[in-house]
Amino acid sequence: GFDNSTHIIPALASELPTISEDRTTYTITLRPNVRYPDVEPWIGTPRHVKAQDFEFSFKRMADYHQSSRHFDHFMRDRIVGANEFFEYSKTVEPKDVNYDRPIEGIKIINDLTIEIQLTQPFPQFIYKLMMSVISPMPREWYMHKTNNNTDPDRIQWSPLGTGPYQLAQYRQEQDVIFEWNPLYRGRPDVDGNPSGLGGVNPSLTFEETLPH
């Protein structure tokens, strides 16, 4: 027979979120060693996914100037402090939005742990967490792009991922070209260097790596 049940399989998270008894606090622990491609502004220095990258994605979604249609469905009246950040961002120019300003319901416990506080139970929230709109975005990469005259609205068409392929070219309504990510080795938390990082999850052997 067929198994028609829907299972959530953690990818960047090390396990499914821990949810409080009142169903309003989600604690998410990330896998260590998940590395971004070797791009500016960190070429030559490994840059790994951190909880702060997700916090920055949430703040961009709550930034009035980003006009994210997902804010109303995902954050407004749902995440503690999200409405206040949105209203604040309306009062300043786009370039002056202070991304150091906290959202009360999003707390960084450490580089690999983020806690999200909801205003009330929202059973669909765990599925919202799988949406691409909150894919991690390093703040320094975003600032490097915008400070080098890249239109912020176009950054959505040049996403920075951690999977087996990376976007090489996007021409709207024409073509999309992906290239092999040479740092990806079969799991998101395995570094592409032959000797690994010497951390919790060292590299696989060459025979185990995908893609070759």
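Residues numbered from 1 in each chain as written. Predicted model: local features only at pLDDT ≥ 70, side-chain atom pairs only at ≥ 80, totals over all residues. Heavy atoms only, no water.

As a further point, take the pairing of strand 3 (residues 106-110). Taken together, the 4 bridges between strand 3 and strand 4 (residues 113-117) define a ladder with antiparallel strand orientation. Residue pairing in the sheet places Lys-107 in a bridge with Glu-115 of strand 4. Count of turn residues in the strand 3/strand 4 antiparallel hairpin: 2 residues. (Pairing = 2+ DSSP bridges. Helix = DSSP H or I, 4+ residues; strand = E, 2+ residues; numbered from the N terminus.)

Overall, the coordinates contain 10 aromatic pairs when judged by the stated rule. On the basis of an interplanar angle of 15° and a centroid distance of 4.7 Å, the ring pair of Phe-71 and Phe-86 is categorised as stacked. With a gap of 15 residues between them, Phe-71 in helix 2 (residues 70-74) and Phe-86 in helix 3 (residues 82-90) connect regions that are remote in the sequence. Of the two residues, Phe-71 and Phe-86, neither departs from the other in class, the shared state being buried. Site record: aromatic cluster; members linked through ring pairs are Tyr-26, Phe-58, Phe-74, Phe-122 and Phe-125. (Phe/Tyr/Trp six-rings, centres within 6.5 Å; stacked < 30°, edge-to-face > 60°. Buried < 20%, exposed > 50% of the residue type's maximum accessible area, 1.4 Å probe, protein only.)

So, on to the pattern of salt bridges. For side chains of opposite charge, pairing can occur when their charged atoms come near one another. Applying the stated criterion across every chain yields a total of 8 salt bridges. Across the salt bridge formed by Asp-175 and Arg-171, the nearest N and O atoms sit 2.5 Å from each other. For Asp-175, a relative accessible area of 22% translates into the label partly exposed. Residue class for Arg-171 comes out partly exposed when judged on its relative accessible area of 39%. When salt bridges that share partners are traced, they join Arg-47, Asp-53 and Glu-140 into one network. (Salt bridge = Lys/Arg side-chain N within 4 Å of Asp/Glu carboxyl O.)

Bringing the sheet that holds strand 2 (residues 25-29) into the picture now. One open sheet holds the 4 strands; their spatial order is 1-2-4-3, and the pairing between them is antiparallel. Whereas interior strands pair on both sides, the edge strands pair on one side only; in this sheet they are strand 1 (18-19) and strand 3. Helix 1 (residues 51-61) rests against strand 3 and strand 4 of the sheet, and its axis sits at about 170° to strand 3. (Contact = heavy atoms within 4.5 Å. Axes fitted to C-alpha atoms, helices over the stretch in contact; angles between N-to-C directions.)

On to the nonpolar core. Among the nonpolar cores identified, the biggest contains 39 residues, and Phe-58, Phe-74, Met-75, Ile-79, Ile-116, Phe-125 and Leu-129 are the most heavily contacted of them. Those elements that place two or more of their residues in this core are strand 2, helix 1, helix 2, helix 3, strand 4, helix 4 (125-128) and helix 5 (139-147). (Core = buried A, V, L, I, M, F, W, Y, C linked by side-chain atoms within 4.5 Å.)

Attention now goes to unusual backbone geometry. Leave glycine aside and you will find that most residues have negative phi; peptide bonds, for their part, are mostly trans. Following Glu-40, the chain continues into Pro-41 via a peptide bond in cis, with omega recorded as 15°. Inspection of the secondary structure assignment puts Pro-41 in the loop between strand 2 and helix 1. In this structure, Asp-77 takes a positive phi of about 65° despite not being glycine. Structurally, Asp-77 is set in the loop between helix 2 and helix 3.

What follows deals with the environment of Tyr-165. When you line up the elements, Tyr-165 lands in strand 5 (residues 165-171). For Tyr-165 and Trp-180, which are 15 residues apart along the polypeptide, the C-alpha to C-alpha distance reads 4.6 Å. Beyond its immediate chain neighbours, meaning those up to four positions away, Tyr-165 contacts Phe-178, Glu-179, Trp-180 and Asn-181.

Counting through the fold element by element, Ser-57 comes out in helix 1. Overall, the relative accessible area of 6% leaves Ser-57 in the buried class.

Moving on to helix 1. Most of helix 1 sits inside the fold, with 10 of its 11 residues counted as buried. Those residues of helix 1 not exposed but buried are Ala-51, Asp-53, Phe-54, Glu-55, Phe-56, Ser-57, Phe-58, Lys-59, Arg-60 and Met-61. Packing partners of the buried residues in helix 1 comprise helix 2, helix 3, strand 3, strand 4 and helix 5.

Walk down a regular strand and you will see the side chains alternate between the two sheet faces. Pairing analysis gives 5 bridges linking strand 2 to strand 4, with the strands arranged antiparallel. Note that in strand 4 the partner of Thr-29 across the bridge is Thr-113.

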